Amino acid sequence: METSHPSFPKRTVAVGGMTCAVCVSRVEKAIHAVEGVSSAVVNYGTEQATIEFDPSVVELNTIKQAIVGAGYKPMDLAEVRQVQLEVKEAAHRQELKKLRRKIVAGIFVSAIAMSAMFFGEQTPNTIRTKLVVLLLITTPIQFWAGWQFHRGAVASLWHLFADMNVLISIGTFAAYIYSLIMTLTAFFVVQPSPVNYYETSAMIITLVLIGKFLEERAKGQTSEAIRKLIRLQPMTAHLIQDGQLVEVQIEQVKIGDQIIVRPGEGIPIDGVIIEGQSSVDESMITGESMQVQKGTGSQVIGGTINGAGSFTSEVTRVGPDTTLAQIIQRVEEAQGSKAPIQKLADRIAGIFVPVVISVAVMTFISWMIVNPNDISMALSNFIAVMIIACPCTLGLATPTAIVVATGRGAELGILIKDGESLELAHQIETIILDKTGTITEGKPSVTDLVVVNNFSEDQLLVISASVETKSEHPLGQAIITACQKRGLEINLDAVNNFEVIVGFGLMATVDGQTVHIGSRRWME
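Analysis parameters
- Residues numbered from 1 in each chain as written.
- Predicted model: local features only at pLDDT ≥ 70, side-chain atom pairs only at ≥ 80, totals over all residues.
- Heavy atoms only, no water.
- Salt bridge = Lys/Arg side-chain N within 4 Å of Asp/Glu carboxyl O.
- Buried < 20%, exposed > 50% of the residue type's maximum accessible area, 1.4 Å probe, protein only.
- Pairing = 2+ DSSP bridges.
- Helix = DSSP H or I, 4+ residues; strand = E, 2+ residues; numbered from the N terminus.
- Axes fitted to C-alpha atoms, helices over the stretch in contact; angles between N-to-C directions.
- Parallel < 35°, antiparallel > 145°, perpendicular 65-115°, else oblique.
- Contact = heavy atoms within 4.5 Å.
- Nonpolar A, V, L, I, M, F, W, Y, C, P; charged D, E, K, R; others polar.
- Patch = residues over 30% accessible without salt bridge, like charges linked within 9 Å, V, L, I, M, F, W, Y side chains within 5 Å.
- Areas by Shrake-Rupley, 256 points an atom, 1.4 Å probe, with all protein chains shown as cover.
- Lys, Arg positive; Asp, Glu negative; His and termini not counted.
- Charge placed at Lys NZ, Arg CZ, Asp CG, Glu CD.
- Core = buried A, V, L, I, M, F, W, Y, C linked by side-chain atoms within 4.5 Å.
- Left-handed = near helix turned anticlockwise from the far one by under 90°.
- Expected span 1.5 Å × (residues − 1).

Quick word on the pattern of salt bridges
Okay, so step 1: Enumeration over the complete set of coordinates arrives at seven salt bridges.
Okay, so step 2: Between aspartate 257 and lysine 254 there is a salt bridge whose closest N-O contact spans 3.8 Å.
Okay, so step 3: Residue lysine 254 is classed as partly exposed on the basis of its relative accessible area of 34%.
Okay, so step 4: For arginine 486, the salt bridge identified is with glutamate 457, shortest N-O distance 3.0 Å.

Below, the structure is given as structure tokens:
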């Protein structure tokens, strides 16, 4: 019997190899058979198992072995998310290539079709030749390049629903079929009519494809933002196990474990420092380029970068509960959310399309009543109403804007809660900025030099920069940059006995003289 225990940790494990609903039952049965498991729910759609267990009785690795024993493959969620993004990115690149080929072909054919309207004699044989050539070159555009719209239109009509694909498909087919009829009749009349709409169908499909290409490219940029966030977390951690230092996969770390973080490493997981001190680059979270001093009792966040010190951290959060995992989840949720205006646009689009089709048909009938002998004018106006009124912007502009805005915001360190929050942002009247990193370049720079004891500015810069080359501190990099901008040569060989005084600064000897670089409180 499945019983959820509120005090037990809940972990989510990706499960590979499931092919049907029966597999879900097998995996759940295998997990429940493990002593210490209080609850297990397997979702076939997401291929994930959510497990509650007593960590004093069983470890997560034991549960994973039970899944393996049932014939399936347990995987880390971060790894699965990375693989899914890579597969999605590969499919996205292929789609962009396909669209690009169709657009190039469409532009080429449209240019030829448009040029044919203005060049060549209007003799019967010339007209027939033009019509045949246009038929041959525009047919691939109509059926190959425009296939996705025709397929979408058939699917929509099959379910008694009309969308923008219906408008594009009906409009282009009306122009193509009319032109095809004019081409066939040209061989049975003495003086064929040069009127055709081959260029119209080709140009409409090409222009809509360009819009699709821009939309797909914008969506692709958002997955890159999530991928960058995933890459922030190291895949391994240095775990203290039975008095030994062991390198383990990040998913093997559990709450209460002690890990060692060395100088310059990425902090693998959220925790609290129990021994040691260092400075940490938390710009991923705060946007501040200045490193934050950390000591015993300080919280550290997975994905941030350790500075010059080394420390031991006790793990406080793992898996989906970590700060970085929650940020990734929030970005994904925001990208999938709908703003109120988008919900309205979806409803309008569902009504708008049938109305447009009705208006287009009435336009055609009206022109046929006014001038029964001029079907080309009636058809031209029918096509114009169908295509110009296409509600592409209603269905595409809002979701694309949300996806791009949330993805780009995540890259810049701005987390947008959901589409509704983004839409309401235009009502903001006052913005309060609580740190300089928000409105500056996000990195320090040297603005002034004050020298004493007969030192010149160049001497001071060279000595300071020479020592700072051995440091990774942002202020040190600013000093080096200032020295390089003046074209001064940094003397690396002159620096010896380099030492980092954590929380205070640096100490070294330069040409035999002791140099201290650090905070005011250290100098005083």
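Quick notes on the pairing of strand β8 (residues 271-281)
Okay, so step 1: Bridge count for β8 against strand β10 (residues 299-300) is two bridges, and the pairing is antiparallel. From the neighbouring strand, valine 272 faces β10, where its bridge partner is glutamine 299.
Okay, so step 2: Two strands pair when backbone bridges link them, and β8 and strand β12 (residues 310-315) are joined in this way by six bridges, in the antiparallel orientation. Across the sheet, residue valine 272 finds its bridge partner in β12, namely glutamate 314.
Okay, so step 3: With three bridges connecting them, β8 and strand β9 (residues 292-294) associate as antiparallel partners. Residue serine 279 lies in a different strand from β9, and its bridge partner there is glutamine 293.

Quick word on the packing of helix α4 (residues 124-145) against helix α5 (residues 147-158)
Okay, so step 1: Axis separation between α4 and α5 bottoms out at 5 Å; the angle between their running directions is 50°. Between α4 and α5, the angle is such that the two are oblique. Residue-level inspection shows Gln142, Phe143, Trp144 and Ala145 of α4 in contact with α5, the latter providing Trp147, Gln148, Phe149 and His150.
Okay, so step 2: Residue classes in the contact of α4 with α5 are distributed as five nonpolar, three polar and no charged.

Points about unusual backbone geometry
Okay, so step 1: In this structure, asparagine 497 is a non-glycine residue whose phi angle is positive, near 55°.
Okay, so step 2: By secondary structure assignment, the location of asparagine 497 is in strand β13 (residues 495-501).
Okay, so step 3: One non-glycine residue, aspartate 511, lies in the positive phi region at around 55°.
Okay, so step 4: With relative accessibility at 59%, the residue aspartate 511 sits in the exposed group.

Considering a positive patch on the surface
Okay, so step 1: Taken together, the side chains of Arg93, Lys97, Arg100, Arg101 and Arg217 present a region of like positive charge at the surface.
Okay, so step 2: When residues in the positive patch are grouped by element, the largest group, four residues, is from helix α3 (residues 77-116).
Okay, so step 3: Accessibility expressed as a relative area gives 42% for arginine 100, which makes it partly exposed.

What to know about the nonpolar core
Okay, so step 1: Formed by 30 residues in total, the largest nonpolar core has its most connected members in Ile141, Phe149, Ile205, Leu209, Leu379, Phe382 and Ile383.
Okay, so step 2: Elements that contribute at least two residues to this core include exactly α3, α4, α5, α6 (164-185), α7 (198-231), α10 (340-370) and α11 (375-388).
Okay, so step 3: No other element matches the seven residues that α6 contributes to this core.
Okay, so step 4: When near neighbours in sequence (up to four residues on either side) are disregarded, isoleucine 141 contacts Ala105, Gly106, Val109, Gly146, Ala202 and Ile205.
Okay, so step 5: Val34, Val58, Ile63 and Tyr72 belong to the second-largest nonpolar core, a separate cluster that totals 22 residues.

Re the sheet that holds strand β15 (residues 513-518)
Okay, so step 1: Spatial ordering of the open sheet is given by β13-β14-β15, a layout of three strands whose pairing is antiparallel. At either end of the open sheet lies a strand with only one pairing partner, and these are β13 and β15. Looking at each pair of strands side by side, their axes are set apart by 15° on average, direction ignored.
Okay, so step 2: The sheet contact formed by strand β14 (residues 505-510) and β15 spans six bridges and is antiparallel. Bridging across to β15, glycine 505 finds its partner in glycine 518.

Digging into the packing of α5 against α6
Okay, so step 1: As a packed pair, α5 and α6 sit with axes 8 Å apart at the nearest point and diverge in direction by 120°. Viewed along their axes, α5 and α6 adopt a mutual orientation that is oblique. Where α5 crosses over α6, the handedness of that crossing is left-handed. Here α5 contributes Phe149, His150, Gly152, Ala153, Ser156 and Leu157 to the contact with α6, which in turn contributes Asn165, Val166, Ile168, Ser169, Thr172 and Phe173.
Okay, so step 2: Among the residues forming the contact of α5 with α6, the class breakdown is six nonpolar, six polar and no charged.

Quick notes on the side chain of threonine 172
Okay, so step 1: Relative to the helices and strands, threonine 172 resides in helix α6.
Okay, so step 2: Among residues more than four places away in sequence, those in contact with threonine 172 are Gln142, His150, Ser201, Ile204 and Ile205.

Focus: the pairing of strand β1 (residues 10-16)
Okay, so step 1: With respect to burial, β1 is a largely interior element, six of its seven residues being buried.
Okay, so step 2: Bridging between β1 and strand β3 (residues 48-53) involves five bridges; their strand directions are antiparallel. By the bridge assignment for β3, threonine 12 is matched with threonine 50.
Okay, so step 3: Relative to strand β4 (residues 73-75), β1 runs antiparallel, the two sharing three bridges. The residue of β4 that forms the bridge with alanine 14 is methionine 75.

Thoughts on the sheet that holds strand β2 (residues 37-43)
Either a parallel or an antiparallel arrangement is found when strands of a sheet pair, and the pairing is made through backbone hydrogen bonds.
Okay, so step 1: Taken in spatial order, the four strands make up an open sheet running β2-β3-β1-β4, and their pairing is antiparallel. Strands at the two margins of the open sheet, each flanked by one partner only, are β2 and β4. Each adjacent strand pair in this sheet contributes to an overall mean axis angle of 30°, direction not counted.
Okay, so step 2: Its contacts with the sheet put helix α1 (residues 21-32) on β1, β2 and β3, and the angle it makes with β2 is roughly 165°.
Okay, so step 3: Against the sheet, helix α2 (residues 60-69) contacts β1, β2, β3 and β4, and its axis sits at roughly 25° relative to β1.

With respect to helix α15 (residues 474-485)
Okay, so step 1: The end-to-end C-alpha distance of α15, which contains 12 residues, comes to 17 Å, matching closely the 16 Å that a straight helix rising 1.5 Å per residue would cover.
Okay, so step 2: Directly beyond the C-terminal end of α15, a positive phi value near 75° is found at glycine 487.

As for the environment of phenylalanine 161
Okay, so step 1: With respect to the helices and strands, phenylalanine 161 occurs in the loop between α5 and α6.
Okay, so step 2: Considering only alpha carbons, one finds phenylalanine 161 and valine 353, 192 residues apart in sequence, at a separation of 9.1 Å.

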